[in-house]
Amino acid sequence: MTTFNLRTLKLRSGEQFADVLDVQLEPLELGGQRYLPVPETVPAELSITRASTGTVFELGFDTRLHGPCYRCLADAVLDVPIAAREYQATNPDSEELRTPYLDDDRLDLSAWARDAVVLALPEQILCRADCAGLCPVCGKDLNAEPHTHAEERTDSRWAALAELRDQL
Ligand SMILES: [Zn+2]
Ligand SMILES: [Zn+2]
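This section reports on the structure supplied with the text.

Reading the values: the criteria
Residues numbered from 1 in each chain as written. Chains lettered and ligands numbered in written order. Predicted model: local features only at pLDDT ≥ 70, side-chain atom pairs only at ≥ 80, totals over all residues. Heavy atoms only, no water. Donors = N, O, S within 2.8 Å, 3.2 Å for Na, K, Ca; no water. Tetrahedral: all angles 85-135°; square planar, octahedral: opposite > 155°, others 65-115°. Helix = DSSP H or I, 4+ residues; strand = E, 2+ residues; numbered from the N terminus. Contact = heavy atoms within 4.5 Å. Buried < 20%, exposed > 50% of the residue type's maximum accessible area, 1.4 Å probe, protein only. Core = buried A, V, L, I, M, F, W, Y, C linked by side-chain atoms within 4.5 Å. Phe/Tyr/Trp six-rings, centres within 6.5 Å; stacked < 30°, edge-to-face > 60°. Pairing = 2+ DSSP bridges. Axes fitted to C-alpha atoms, helices over the stretch in contact; angles between N-to-C directions.

### Quick notes on the coordination of the zinc ion (ligand 2)
Next, step 1: Looking at the zinc ion (ligand 2), one finds its protein donor set to be Cys 135 (SG), Cys 138 (SG), His 147 (NE2) and His 149 (NE2), positioned 1.9 to 2.3 Å from the metal centre.
Next, step 2: Around the zinc ion (ligand 2) sit 4 donor atoms; with metal-centred angles ranging over 103 to 118 degrees, the donor geometry is tetrahedral.
Next, step 3: The sequence motif formed by the donor residues of the zinc ion (ligand 2) is C-x2-C-x8-H-x1-H. With Cys 135 in the loop between helix H1 (109-120) and helix H2 (150-167) and His 149 in the loop between H1 and H2, the pair connects residues that are 14 residues apart, well separated along the chain.

Here's what the structure looks like:
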């Protein structure tokens, strides 16, 4: 877990701190599947800007996730560019003016990075955009073995019958 200590940082209003830090990324659990960031540690640009009413935190890095394809379970690789922003008011009255990653002058960069990656992900992680997935009948990989089953033809006959019945 990577944290950044703000205690030694004495920024006055209008001042900015910017640096590149190594941030450790955590594996993600999504829909019961595990996705691994490769490499585990990435160089991230952290900038902290002090304004009169609060502090703006910005974090930028690129990561690559490895894990199973949502449709066929084969290995999928996804590049995820991250540009995240958090704000902490000097006198926070409401939760909205407070970043959840700041605790007692320590900024939890690993937790922030993990949440930022989750927010940046597409709805489905796929091995390729047109992945055909697994056959719902026999479970075979439809990318490797495109096929249909006799049951599907029966289904369409039933559909035709149902259509006929609706017309009567
Ligand atoms: Zn796939
Ligand atoms: Zn099948």
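More follows now that the structure is in view.
### What about the environment of Ser 47?
Next, step 1: If you trace the backbone, Ser 47 turns up in strand S5 (residues 41-50).
Next, step 2: Separated by 30 residues in the primary sequence, Ser 47 and Phe 17 place their C-alpha atoms 5.5 Å from one another.
Next, step 3: Setting aside residues up to four positions removed in sequence, Ser 47 forms contacts with Gln 16, Phe 17, Ala 18, Val 56, Phe 57 and Glu 58.

### Examining the coordination of the zinc ion (ligand 1)
Next, step 1: Here the zinc ion (ligand 1) is held by the protein donor atoms Cys 69 (SG), Cys 72 (SG), Cys 127 (SG) and Cys 131 (SG), which lie 2.3 Å from it.
Next, step 2: Coordination at the zinc ion (ligand 1) is tetrahedral: its 4 donor atoms span angles of 108 to 112 degrees at the metal.
Next, step 3: Residue classification places Cys 72 among the buried residues on the basis of a relative accessible area of 7%.
Next, step 4: On the basis of relative accessible area, Cys 131 is assigned to the buried category, the value being 4%.

### Remarks on the nonpolar core
Next, step 1: Formed by 36 residues in total, the largest nonpolar core has its most connected members in Phe 4, Leu 46, Phe 61, Leu 109 and Trp 112.
Next, step 2: Only strand S2 (16-24), S5, strand S6 (54-68), strand S7 (75-89) and H1 provide two or more residues apiece to this core.
Next, step 3: Here the element with the most residues in this core is H1; it accounts for 6 residues.
Next, step 4: Filtering out sequence-adjacent residues up to four positions away, Leu 46 remains in contact with Phe 4, Phe 17, Ala 18, Asp 19, Leu 21, Glu 58, Leu 59, Leu 107, Leu 109 and Trp 112.

### A closer look at the packing of aromatic side chains
How two aromatic rings sit relative to each other is set out by the distance from centre to centre and by the angle between their planes.
Next, step 1: A full pass over the atoms with the stated rule returns 2 aromatic pairs.
Next, step 2: When the ring of Phe 4 is compared with that of Phe 17, the centres are 5.3 Å apart and the planes differ by 35 degrees; the resulting orientation is tilted. In this pair, Phe 4 is assigned in strand S1 (residues 3-5) and Phe 17 in strand S2, connecting sequence segments 13 residues apart.
Next, step 3: Ring geometry for Tyr 101 against Trp 112: centres 6.1 Å apart, planes inclined by 15 degrees, an arrangement best described as stacked.

### Points about the sheet that holds strand S8 (residues 102-103)
Next, step 1: Reading across from one edge, S1-S9-S8 is the order of the 3 strands in this open sheet, with antiparallel pairing throughout. Sheet topology places S1 and S8 at the edges, where each strand pairs with a single neighbour.
Next, step 2: Two strands pair when backbone bridges link them, and S1 and strand S9 (residues 106-108) are joined in this way by 3 bridges, in the antiparallel orientation. Opposite Thr 3, over in S9, you have Asp 108 as the bridge partner.
Next, step 3: Contacts from H1 reach S1 and S9 within the one sheet, and its direction differs from that of S9 by about 30 degrees.

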